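Results of the structural survey
Here is how the chains run, residue by residue.
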Amino acid sequence: YLATVIDLATRMVTGWQLATHMRTSLATDALAMAITHGHLQPGAIFHSDRGTQYTSAEFARFCTAHDIRPSVGKTGVCWDNAAAESFFGALKNEMYYRQQWPDRARARFAVADYIEVFYNRRRLHSTLGYRTPFEALTEFQAAATAA
């Protein structure tokens, strides 16, 4: 299972985690990565579907401890999670369906390479004016420091 944290402004995958389970720790580990790399500011909103890992008391405590505001969509409404669905569709079509791995360690490396090297730094996004997420982030940071 793969959990991701995607910045909607830049479409960058800022946190992610793989596990053999879909428990709350998978989601909190992905959020922790985004926090560790400085991509989540206090008061940030984290939106997800209504999966039990995101609606659990453990997840709520993690968010409270890190000043993150959890948000979940309405039941049966798929449009509010479109950015995540788009990412997972791209991952499957551009990487997952094209390769096979002899073990989990190599599969994890392939996912890391796809996210960190290709998706965030090379893949152009139409929603970003055909820029990469890294370019969008760099321009946002430059504008923020100039202001």
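What you see is a predicted model, and the numbers here were worked out from it, not measured in a lab.

What counts and what doesn't
Residues numbered from 1 in each chain as written. Predicted model: local features only at pLDDT ≥ 70, side-chain atom pairs only at ≥ 80, totals over all residues. Heavy atoms only, no water. 1 Å grid on protein atoms, 1.4 Å probe; cavity = no way out; pocket = protein on both sides within 12 Å on 5 of 7 lines; lining within 4 Å. Points joined across faces, edges and corners; volume = space filled by probe spheres on them. Helix = DSSP H or I, 4+ residues; strand = E, 2+ residues; numbered from the N terminus. Core = buried A, V, L, I, M, F, W, Y, C linked by side-chain atoms within 4.5 Å. Buried < 20%, exposed > 50% of the residue type's maximum accessible area, 1.4 Å probe, protein only. Contact = heavy atoms within 4.5 Å.

A closer look at the layout of surface pockets
Estimated volume of the largest pocket: approximately 990 Å³. For the largest pocket, the lining is made up of 39 residues, of which Thr4, Val5, Ile6, Phe46 and His47 are closest to its centre. At the level of elements, strand 1 (2-6), helix 1 (24-36), strand 3 (45-48), helix 2 (52-55), helix 4 (82-94) and helix 6 (133-146) are the ones that each hand at least two residues to the lining of the largest pocket. By volume, the second largest pocket is sized at about 490 Å³. In terms of lining, the second largest pocket is formed by 16 residues, of which the most central are Tyr1, Leu2, Leu18, Tyr96 and Val111. At the level of secondary structure, the elements contributing two or more residues to the lining of the second largest pocket comprise helix 4 and helix 5 (104-119). Residue contributions to the lining of the second largest pocket peak at five residues, all from helix 5.

Details of the nonpolar core
Core analysis: the biggest nonpolar cluster contains 16 residues, and Val13, Trp16, Phe87, Tyr114 and Ile115 have the highest contact counts within it. Counting residues per element, the ones that place at least two in this core are strand 1, strand 2 (13-18), helix 4 and helix 5. If sequence neighbours within four positions are ignored, isoleucine 115 has contacts with Val13, Trp16, Phe87 and Asn120. Val5, Leu26, Ala30 and Phe62 belong to the second largest nonpolar core, which has 13 residues in total.

Interpretation note: all reported values are geometric properties and have no functional meaning in isolation.
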